[in-house]
Every structure is written in C-alpha cells, then in structure tokens.
Amino acid sequence: MSEVDGGGLGTDAILDLIIGWSRQVAAAQARVREWAAVLAHQGGARFNFRPDIALDAMVETIAVALACSTRFAGTLVREGEAVQGLLVDVGGAARRGDLDASRVGAFVDALGEQSPEVVFAVVERVLPDAGEVTVSELRRRLQRALVQVDPAGAGPRAATARKRRRVNAVRPVGEGLGSFSAVLPAPCATALEQACERAAKASRAAGDERTLEQLRADALGTMAEHALVTGQIGAPGVTGETFVFTPSQVRIIASAASRRTDGPSLADAVRWDINPETSHCTSNNGARGAQGVVTAPLAPPESAPDETTVATAATAVTAGSSVASAPTATTASTPLIAPDDPVAKGDPVAPDDSSVVTGLAGGSTPTDVQADARAADAGPRGPQVREDRRDPARFEVPGAADEGGDELVGEPVSRLSDASGVGDAHGVADAHGVAPVPRIARSSIPGVDVPDLVGYGAIDPETVTTFGTLPWVQVILPPEPGGAAPPDAPGYHPTAELARHVRARDRTCAVPGCPVDAWRGDLDHIVVWPQGPTSAANLRPLCRRHHRLRTHAGFRLDTQPDGSVTWTTPFGTARQRDSAGHLTRSTHRAEPP
C-alpha cells in the first residue's frame, strides 16, 4: 500500500500488523541500548578522557548524535549495560521483541543495583509474565518479588533508592500547560497528593465551581506561589524541615511585539481544501501539491457544519469546501508590524531592573508558522481534516524583509504578485489586487518573536497579560537584537548589569538544544580570560554539565557574530543553531590520533 489506509485487511490482520511492528520496534530499541553501552566504554577509552568525566562525555556524544536529552542518552547507556550484564535474560527477551523499552526500564530500575543472587531470583519469578502486564503492574510485581526474595535487604535498598529523589524539569504539554513531576519517598508523595485532595474537596464543598481535578492542580500551584512570595517552605515547629530563601520570581521574557494580539493571524489567510475523491488537500499557498485550488475569502467565512479546525504547532488551519475557481489569497490589510512601528525594530533593554515590566497589554506576532494538514476520507458531513506532521510547509516570500531585516514568510511571489509587483509593506497581494496575505517573521527567537517563560518555553500573549502583574512573576524585555551591550567588565567576573544582559539575551544554556535556563548555569568565556575580554560578545551561559565537558573533555563551542552557535564533540559530530534558532546536525566523524 502506498499509504496506510487499511486496504482490504480485516481487523485481525491489522491487529497482527500492529503487534508485529511493535515487536520490531522493541527489538530495535534493545539493539540501540546495547550499542550505546558499547560506544560509551570504547569511545571513552579511545579518547583517554578523565575517569570522572568519561561517561558524561560519551553520553553527551550520543545525545548530540540522536538529538535527544542527556538524561535519555544516559538511560540508553545504563540500560544497555544492565541487559548485557546480570539482566542478560531480560536483554534476550527484548531482542526477541517480547519486552519493549518501558518494561526493560522497569527491570533496570528495580534490579540495576542488586546482588546477583537477588537479580536472578527476581527475574526467574517475574520475567515469564512481564510482557503480558502493564508497565505499572510490572513495577509492582518487581517490588513485591524483591521484598519476598530478600526481606532483610529491603531497608537498605530503600535508603539507597531515596538518594535518587529529584524534581524533574517542567515538560511542555501544549497550549500553555506544563507537566510537573517529582520522584519522592513514597510517604512524601502520598502526603502531597492527599494535601491537594483535601484542599480540593474542601473548596468544592464550599461552593467552588471548579472541578476536583482543577482544584487539585490549583492547590499545588498555590503552594509554589506562597513559597516564592514568602521565601519559605515549611514552618518551624510544625514541619520536619524548613527551607528559607530569598523571595524569587519566575521569569517571562517578552518583547512588546511578541505581546501584540491586534495583527492578523495566518489562520485567517491560509485555507486548506480536500479533494474528497483523492483525500489530498491543498492550500492557497500551493503546499502539498494536491489536486484542486483553495482560496481564502475576503471576509471571515460563516461557520458551516462541514468546517473543521486543525491545530498545529504554530497556528490553526481552517478547512472548508472544495472550489474550482482561480486561486485567490486574501486577508485583512492590517500589518503585523507596521514599518514605522517602533516595536518592529526591537525593544530597548534597560541596564538595570527597570527592564522589568509590571503592567502589560497587547499580544504577540505569530512566528515561524508551519501550516500542515492531511485529509481523511470524506464523511457524511463533508471532508474531515487530520493533522499531518510529515510535510510541513513554509510560506516564503523570497527576499522579503521587514524594517528590522528579518526574512518574512507569506505567499510565493510567483503565485500572488503580478509583473508590476502588486503588494505593499503589509503583505503580498495577488495579481487581481485583492487583500494581501500577512507576512510572518521566519525567525522564531524566544522572547523576541514569541513570549518565553524561562524554564518552559513559548507561551501565548494572554498568559503574559494574565500572570505578568502577579508578585511572583517577572516580565523582562529582551535585549534589542544588534543593540548596544553593557560595558565590558574590567576583570574575570561580569558586572551584574552585564550578567543580566547575557542571560536575558541567550535565555538557556548556549549549547544548541540544551533547555537549562541561563539563570541556573555559569557564564563562560568563549575565548579564555584574560586573552578574551569579559564582554557580552565573549560570554555565553553554560549549564554545569556542558561547562565541565567544554573545560575538561575537549568539547568545543564556536560562536559567530550573527548569534549562531556550534557545539562539537571530540568525535567531530556537531550540532548547530543558526541566528533564527533553527537546529541542524553534522555527521562528520573524527577518530583520535
């Protein structure tokens, strides 16, 4: 089949395919882990890394090669070592496709640090049925078997396990929501859940109309708000431990342009249409090269029963009914950023805390838009639209740029402009002189093009407005791209003003793809001091892990005047981030001499 549409297969056959491919994936996952472990040890020996940093260096090399987090790369190595050691039977089941990566991880988490006698006894009890139970149930069975096999060692095992307690980084889950998780001693985790539960039920009983799920989440959030404002967690004489610290704030970096909401959305200009005979779709920018033509009406269409809205990573795309007329592309004529608008040239950065904004208004400009959709079979109510991430379409206007020099995105000139260059600064009009499609900045610079919540990522302008005036939130204007930087520091350490500027400019660790926010890391000299100055151009924030790798393991960080950055491993594999924030990898390999 050219496309996965089921063909003439029955339910049983399709289920067999799902199971078969799942087993193939499980077997491939096992091989990835095994080879990751091999590389971690052989590569470290070849490059003669310092013993205390060799594993970190090879884990980082794997992370760069796979474009994954260092934690995930470390998990690959740890599990690969385990299944080639005492958990060899688990590894064999994984290679046969009987156990997927989640189940292998459950065995490694439970038995990775146990004695051979305990490991063999538990595996003998649990492995035969491990592929037939859920991952959660497998973890419970492993814990029960551990206590049964070695009850005397349960206490020491628990003490060792408690050393792994941690709070995980916030994980974006879309639309301004973040997932917070922690690994805690079981009584503490249960107490936290119970506290949220009791608070939620009490509020509900008092007449609060929020759902219990919402109230539990809000109760947990209120704990954090109270801690940041008061600078204290716990109470002397009440809790077993009290933490006292300087009151703090979460940071939002947002230019005035990124907070605007009065400009047109690309969703108002680009419309997708589905050919019900082929299930292919086209848009008024010509994306996906399917059959038929799609137009964007001059006025927003009335709601229709067969209209479906598909949310993509950057915008919403509306699908309507088929048309066979000549292509037209239209939108409101209001510019996203007018040429004479001062925010088009960036926001000034104050040299001190005056850069903190307390009163906010406006919204954001859509950036780096990817409008991509895929059609399903037409139903009784007309064509239905499904999201398609396989073929993102960018709407380029070759050579177009705003007053600030950013390359812009819009309709292809060949389709929308006539020979005389019909169009204006607000967008590009079609040959019939209809309203132009809005031009969207192709760059996607956090804090400049879209508001950025430090430690999380992009948020919508309304969130900035809603939370920006709260005492535990600090909204910071980003440095103006290409603007003046604070004066160089005379010595090794940057001034407070210079440090604020560099961290607000870069927002995260300078290594491409590293999400650790700049306020949690070190400021490192690209050219070592005193050969290089303590200046904005020569300073980059690095998380502690990447700082150590650059200093002690031969990793290289190269920067360019346009802001692009390259992180190169000792093996020659590199990751680049260009000035617009786009990430690429190179596959060049280098062997040690």
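S.K.: Just to check I follow, could you spell out empty space enclosed by the protein for this structure?
M.R.: If you roll a probe as big as a water molecule over the atoms, it shows you where there is empty space left. Taken as a whole and assessed by the stated rule, the structure comprises 3 cavities of 30 Å³ or more. Roughly 60 Å³ of internal volume is contained in the largest cavity. If you trace the largest cavity, you find 13 residues lining it, with Gln-29, Ala-30, Arg-33, Ala-94 and Val-104 closest to the centre. Counting only elements with at least two residues in the lining of the largest cavity, the list comes to helix 1 (11-47), helix 3 (70-83), helix 4 (88-95) and helix 5 (101-111). The element that contributes the greatest number of residues to the lining of the largest cavity is helix 1, accounting for 5 residues. Classifying every residue of the lining of the largest cavity by side-chain character gives 7 nonpolar, 2 polar and 4 charged.

S.K.: Explanation requested: the pattern of salt bridges in the structure shown.
M.R.: Opposite charge on two side chains makes pairing possible when the charged atoms of those side chains draw close. Evaluation of the coordinates by the stated rule reveals 24 salt bridges. Measuring nitrogen to oxygen at the nearest pair gives 3.3 Å for the salt bridge that ties Lys-201 to Glu-197. Of this pair, Lys-201 and Glu-197 both sit in helix 9 (residues 186-205), 4 residues apart, roughly one helical turn. Accessibility expressed as a relative area gives 47% for Lys-201, which makes it partly exposed. Residues joined in a network through salt bridges with shared partners are Asp-129, Glu-137, Arg-140, Arg-141 and Arg-144.

S.K.: Got a minute to help me understand the confidence of the model for the protein chain in this structure?
M.R.: Segments scoring low in pLDDT should not have their predicted coordinates read at a detailed level. Mean pLDDT over the protein chain works out to 73, with 66% of the residues at or above the 70 mark. This model gives residues 286-439 a pLDDT under 50, and the stretch forms 373 contacts once residues within four places in sequence are excluded.

S.K.: Teacher, can you tell me more about unusual backbone geometry here?
M.R.: Across the chain, the bulk of peptide bonds are trans and the bulk of non-glycine residues have phi less than zero. The omega torsion across Trp-529 and Pro-530 is 5 degrees, close enough to zero to call that bond cis. If you trace the backbone, Pro-530 turns up in the loop between strand 23 (522-525) and strand 24 (539-542). Within the chain, Ala-67 stands out as a residue other than glycine whose phi angle is a positive 55 degrees. Relative to the helices and strands, Ala-67 resides in the loop between helix 2 (54-66) and helix 3.

S.K.: Sorry, what's going on with the nonpolar core here?
M.R.: The tendency in soluble globular proteins is for nonpolar side chains to be buried side by side. Ranked by size, the top nonpolar core spans 30 residues in total, and within it Phe-49, Leu-549, Ala-553, Leu-557 and Trp-567 carry the most contacts. Among the elements of the structure, helix 1, helix 2, helix 3 and strand 26 (565-568) are those that each provide at least two residues to this core. Considering each element in turn, this core owes the most residues, 7 residues, to helix 2. By size, the runner-up hydrophobic cluster in this structure holds 26 residues, among which are Ala-93, Ala-110, Leu-127 and Leu-146.

S.K.: Looking at this structure, I do not really get the pairing of strand 26. What am I missing?
M.R.: Two faces belong to every sheet, and in a regular strand the side chains alternate between them. In the sheet, strand 25 (residues 556-559) pairs with strand 26 via 4 bridges, with the strands oriented antiparallel. Note on strand 26: the bridge partner recorded for Asp-558 is Thr-566. The hairpin turn running from strand 25 into strand 26, its antiparallel successor, is 5 residues long, and Gly-563 in that turn takes a positive phi close to 95 degrees. Sheet analysis places strand 26 next to strand 27 (residues 574-577), joined by 4 bridges and oriented antiparallel. Of the residues in strand 27, the one forming a bridge with Val-565 is Arg-577.

S.K.: Whenever I open this one, the sheet that holds strand 27 confuses me. Can you help?
M.R.: Hydrogen bonding along the main chain pairs the strands of a sheet, whether they run parallel or antiparallel. As summarised here, the arrangement of the 4 strands in space is 25-26-27-28, forming an open sheet in which the pairing is antiparallel. Single-partner strands in this sheet number two, and they are strand 25 and strand 28 (583-586). Ignoring which end each strand starts from, the neighbouring axes of this sheet average 15 degrees apart. Against the sheet, helix 2 engages strand 26, strand 27 and strand 28, with an angle of about 115 degrees to strand 28.

S.K.: What am I meant to see in helix 9 here?
M.R.: Over its 20 residues, helix 9 extends 28 Å from the first C-alpha to the last, a length consistent with the 28 Å expected when each residue adds 1.5 Å. Every buried residue of helix 9 is accounted for by Cys-196, Glu-197 and Ala-200. Buried residues of helix 9, seen end-on, are gathered within an arc of 100 degrees and therefore sit on one face of the element. Exposed positions of helix 9 whose direction lies more than 90 degrees from the buried face are Pro-187, Arg-198 and Ala-205. Residues of helix 9 that are buried make contact with helix 10 (212-230).

Thresholds, definitions, all that
- Residues numbered from 1 in each chain as written.
- Predicted model: local features only at pLDDT ≥ 70, side-chain atom pairs only at ≥ 80, totals over all residues.
- Heavy atoms only, no water.
- 1 Å grid on protein atoms, 1.4 Å probe; cavity = no way out; pocket = protein on both sides within 12 Å on 5 of 7 lines; lining within 4 Å.
- Points joined across faces, edges and corners; volume = space filled by probe spheres on them.
- Helix = DSSP H or I, 4+ residues; strand = E, 2+ residues; numbered from the N terminus.
- Nonpolar A, V, L, I, M, F, W, Y, C, P; charged D, E, K, R; others polar.
- Salt bridge = Lys/Arg side-chain N within 4 Å of Asp/Glu carboxyl O.
- Buried < 20%, exposed > 50% of the residue type's maximum accessible area, 1.4 Å probe, protein only.
- pLDDT = per-residue confidence, 0-100.
- Contact = heavy atoms within 4.5 Å.
- Core = buried A, V, L, I, M, F, W, Y, C linked by side-chain atoms within 4.5 Å.
- Pairing = 2+ DSSP bridges.
- Axes fitted to C-alpha atoms, helices over the stretch in contact; angles between N-to-C directions.
- Expected span 1.5 Å × (residues − 1).
- Arc of directions from axis to C-beta.

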